[in-house]
Amino acid sequence: MKGAQQQEPMTVACTTRMPLQVLAILRHDITSCVRSCVQNCNRRTLPATYVVGVLLADCGITVLLLVLHALVWHLLSRSNPWDDEHGWELTSTMSCEQLVERATVRRAVYCSWFGITCCTPEAVAAGNCSMVNSVYGVRLVINNLNASVGDVRMVQPMQQLHDCGMRSLNLEANNLAGQFHPAWGGLKHLLDFNFGNCWITGSIPSSMRSMRNLTQINLSNNWLNGTLPVWLDELQQLRILNLGSQFGANQGTDASGLMGTVPRQLSKLQQLRELNLEANVLTGELPEALCNEADSKLLVLNLRGNQLT
């Protein structure tokens, strides 16, 4: 009878730079075995690319896979914590000082990601942002994003980016639906808020009332209904307001989109340059002060497709 064949040793790439921090996320009952493997490997004076054999009897394949997964996750998370499915949960527990890479000669890796704009030393010097390498803007237009704006889990990471310096959010033309969660109102320092050409429903959220630094709002081509809120005049920094082409049904009427009159309070927006209310069902007269050359600074006014008199 032939003797049982000895199993081939399992191999794993091992270098003196293997971070022992990965051991902290592994189960306690296997950390001693993994540590032994790593230490035995690190005792050898071998080139970084050398492959060392590790006997299955000492460290099983499950252990090795856990080590490799943890190692890859650790290395990726140093520059991109969202590469791992648990990345968002990880970053939600971190402070801005931990998330934003310190200013160096080379800019942070995430500043080169698609759709991301970071704060530069020049922008800090000009007073446009406060922390070099913080994410200043997120622009992911026509990007097949699928989410509900009514889900607080979508708002939370945006809130964290906002608290760490984000001032511009442009998610236009994505598969975003639902009614805005009240938590969106917590993004009080945003300058640009663009959710145009999505599938958003409901009325213009009252939580936006607290976003008083906004200079641009684009909610056009959605499924909004209801009336234009009178509190819009509290957003005194507004330069562009685009609420055109709404298709939301209004209960008790056949009218779709924004209805009612154009509130005279809009004429109090001293910085307003562009106003688009086209393709709604607005009625009544346009406030005279809105077009008064002495009071208004409007350059663009689009009201076509309404029922104004």
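See the structure above.
Definitions and limits used
Residues numbered from 1 in each chain as written. Predicted model: local features only at pLDDT ≥ 70, side-chain atom pairs only at ≥ 80, totals over all residues. Heavy atoms only, no water. Phe/Tyr/Trp six-rings, centres within 6.5 Å; stacked < 30°, edge-to-face > 60°. Buried < 20%, exposed > 50% of the residue type's maximum accessible area, 1.4 Å probe, protein only. Pairing = 2+ DSSP bridges. Helix = DSSP H or I, 4+ residues; strand = E, 2+ residues; numbered from the N terminus. Axes fitted to C-alpha atoms, helices over the stretch in contact; angles between N-to-C directions. Disulfide = S-S within 2.5 Å.

**Considerations on the packing of aromatic side chains**
Next up, step 1: For the structure on display, the rule yields nine aromatic pairs.
Next up, step 2: Between the aromatic rings of Tyr 110 and Trp 113, the centroid separation amounts to 6.2 Å while the plane-to-plane angle is 70°, which identifies the pairing as edge-to-face.
Next up, step 3: Relative accessible area serves as the criterion here: at 8%, Tyr 110 is assigned to the buried category.
Next up, step 4: On the accessibility criterion, Trp 113 (26% relative accessible area) is partly exposed.
Next up, step 5: Between Trp 184 and Phe 193 the ring centres are 6.1 Å apart and the planes differ by 70°, which places this aromatic pair in the edge-to-face class.
Next up, step 6: Among the aromatic residues, ring-to-ring pairing joins Phe 180, Trp 184, Phe 193 and Phe 195 into one connected group.

**A short note on the pairing of strand β16 (residues 281–284)**
Next up, step 1: Pairing analysis gives two bridges linking strand β14 (residues 258–260) to β16, with the strands arranged parallel. Looking at β16, one finds that Met 259 is bridged to Val 281.
Next up, step 2: Here two bridges tie β16 to strand β18 (residues 307–308), and the two strands are oriented parallel to one another. Considered in β18, the bridge of Thr 283 is made with Gln 307.

**Description of the sheet that holds strand β17 (residues 300–302)**
Next up, step 1: Across the sheet, which stays open at both edges, the eight strands sit in the order β3-β4-β6-β8-β10-β13-β15-β17 with mixed pairing between neighbours. Every other strand in the sheet has two partners, leaving β3 (116–118) and β17 as the edge strands with one partner each. The average undirected angle you get between the axes of adjacent strands in this sheet is 10°.
Next up, step 2: As paired elements, strand β13 (residues 240–242) and strand β15 (residues 274–276) share three bridges and run parallel to each other. Considered in β15, the bridge of Leu 241 is made with Leu 275.

**Thoughts on the state of the cysteines**
Next up, step 1: Tallied over the entire structure, the rule returns three disulfides.
Next up, step 2: Across the disulfide from Cys 111 sits Cys 118; the S-S distance is 2.2 Å. Taking the sign of the S-S torsion, about -95° here, the bridge from Cys 111 to Cys 118 comes out left-handed.
Next up, step 3: Here Cys 119 pairs with Cys 129 through a disulfide, and the sulfurs are 1.7 Å apart.

**Considering the pairing of strand β7 (residues 175–178)**
Next up, step 1: Judged from the three bridges that link them, strand β5 (residues 146–148) and β7 form a sheet pairing that is parallel. Bridged to Ala 147 within β7 is Leu 176.
Next up, step 2: Inspection of the sheet shows β7 paired to strand β9 (residues 199–202) by two bridges, in the parallel sense. Bridged to Ala 177 within β9 is Trp 199.

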